[in-house]
Amino acid sequence: MSISAQDILNAFNYRYATKKFDPNKKVSDADFNTILETARLSPSSFGFEPWKFVIIEKQSIKDKLYPVSWGAQNSLNGASHFMIILARKKADTVADADYITHIMKDIKHMPEDVQNMMRGAYSNFQTNDFKLIDSDRAMFDWASKQTYIALANMMTTAAMLGVDSCPIEGFNIEKVEEILTEEGILDKEHFGVSVMVGFGYRDEQPHREKTRQPMEDIVTWVK
């Protein structure tokens, strides 16, 4: 690897939640495909990839989303690429779900005995370790937390490429999901909206310096 530690820190210091994008600048296909690939390669619990990445290009859908997505309005107006990240629901993430079988059998190519072993460990994790199984919301939130790993990896990759981004939670989830369902984008039995993100190029510099707590306030070493 030829990337230096300073290169990484420079990218993190450069990155900020871009509030105004230049609508005349577009992220190249090569750069955006790299960003997407880092999402695809991101880790997930048990490697079950409980996500889908939807890039909205159709203006009529953006227009519908605009009034119910207050935190996304700047991205909808100027970002080169606007993405909605979906998380899988309980129907797809319980141990005996067809989707879980598909991942183990068709993607991971596990023998049947290994599938059975993995399914048992996964069921025990959901039922006893994290106590998720009795709550649809807990199962969805658990899947949503994993989408944030992919989100962070995409934003870091973007910063390394000189591409700006803005993660977005400022939206009415029920109304957004209603729009996406009406447009045939969202199957609410299997997916829900987790988070949004815009990618593009800043049209203005940050209005203030980056502020963070000091390292000693957030890190504890236990020796």
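It should be emphasised that the depicted structure is a prediction, and the values quoted were computed from it without experimental measurement.

Trainee: I'd like to hear about the packing of helix α1 (residues 5–14) against helix α8 (residues 136–160), residue by residue, with values.
Mentor: Between α1 and α8, whose axes approach to 8 Å, the crossing angle comes to 105°. One way to sum up the angle between α1 and α8 is to call them roughly perpendicular. Listed contacts from α8 to D7, I8, A11 and F12 of α1 are T156, A159 and M160. Broken down by class, the residue content of the contact of α1 with α8 amounts to 5 nonpolar, 1 polar and 1 charged.

Trainee: So what's going on with the sheet that holds strand β1 (residues 51–56)? Which residues, and what values?
Mentor: Pairing is antiparallel across the open sheet formed by 4 strands, whose spatial order is β1-β2-β4-β3. A single partner strand is all that each edge strand has here, and the edge strands are β1 and β3 (164–168). With direction set aside, neighbouring strand axes in the sheet form an average angle of 25°. Each of β1, β2 (81–88) and β4 (191–200) is contacted by helix α2 (residues 29–40), which is oriented at about 160° to β1, the strand it contacts most.

Trainee: Account for α8, with residues named and values stated.
Mentor: At 3.6 residues per turn, the α-helix brings residues three or four places apart onto the same side. Between its first and last C-alpha, α8 extends 37 Å over 25 residues, near the 36 Å set by a 1.5 Å rise per residue. Two residues or fewer past α8, G162 is found with a positive phi of approximately 80°.

Trainee: Give a description of the environment of G198 that names residues and reports values.
Mentor: With respect to the helices and strands, the residue G198 is situated in strand β4. Residue G198 is classed as buried on the basis of its relative accessible area, which comes to 0%. Here the alpha-carbon distance between G198 and L36, two residues 162 residues apart in the chain, equals 13 Å. Apart from residues no more than four positions distant in its own chain, G198 is found in contact with F21, S75, A79, H81, D164, S165, C166 and I168.

Trainee: So what's going on with a positive patch on the surface? Residues and values would help.
Mentor: Taken together, K19, R208, K210 and R212 make up a surface patch of like positive charges. On the secondary structure map, K210 appears in the loop between β4 and α10 (215–218). Residue classification places K210 among the partly exposed positions, given a relative accessible area of 33%.

Reading the values: rules and limits
- Residue indices follow the written sequence of each chain, beginning from 1 at its first position.
- Totals for whole chains, interfaces and linings use every residue, but because this is a predicted model, local features are given only for residues with pLDDT of at least 70 and side-chain atom pairs only at 80 or more, for both listing and counting.
- Side-chain metrics in this entry use all non-hydrogen atoms of the structure; hydrogen atoms and water are not considered.
- Helix axes use the C-alpha atoms of the stretch in contact, all axes being lines fitted to C-alpha atoms, and the angles between their N-to-C directions lie in the range 0 to 180 degrees.
- Working definition: helices are DSSP H or I runs of at least four residues, strands are E runs of at least two. Numbering for both runs from the N terminus.
- Angular relationships are summarised with four words: roughly parallel below 35 degrees, roughly antiparallel beyond 145, roughly perpendicular across 65 to 115, and oblique for the angles in between.
- Contact criterion: two residues are considered in contact whenever any of their non-hydrogen atoms come within 4.5 Å of each other.
- Three categories are distinguished: nonpolar for Ala, Val, Leu, Ile, Met, Phe, Trp, Tyr, Cys and Pro, charged for Asp, Glu, Lys and Arg, and polar for the others, with Gly belonging to the last.
- Pairing between two strands is assigned when DSSP locates at least 2 bridges connecting them.
- Here a helix's expected span is defined as the number of its residues, less one, multiplied by 1.5 Å.
- Burial classes follow relative accessibility: with a 1.4 Å probe on protein chains only, a residue under 20% of its type's maximum area counts as buried, one over 50% as exposed, and anything between as partly exposed.
- Exposure above 30% relative accessible area and the lack of any salt bridge qualify a residue for a patch; like charges then connect within 9 Å, and the nonpolar side chains Val, Leu, Ile, Met, Phe, Trp and Tyr within 5 Å.
- In this description, accessible areas are obtained by the Shrake-Rupley approach with a 1.4 Å probe, and a residue is regarded as covered only by the protein chains that are shown.
- The term salt bridge refers to a side-chain nitrogen of Lys or Arg lying within 4 Å of a carboxyl oxygen of Asp or Glu.
- Counted as positive: Lys and Arg. Counted as negative: Asp and Glu, with His and the chain ends omitted from the count.
- We put the charge of a Lys on NZ, of an Arg on CZ, of an Asp on CG and of a Glu on CD.

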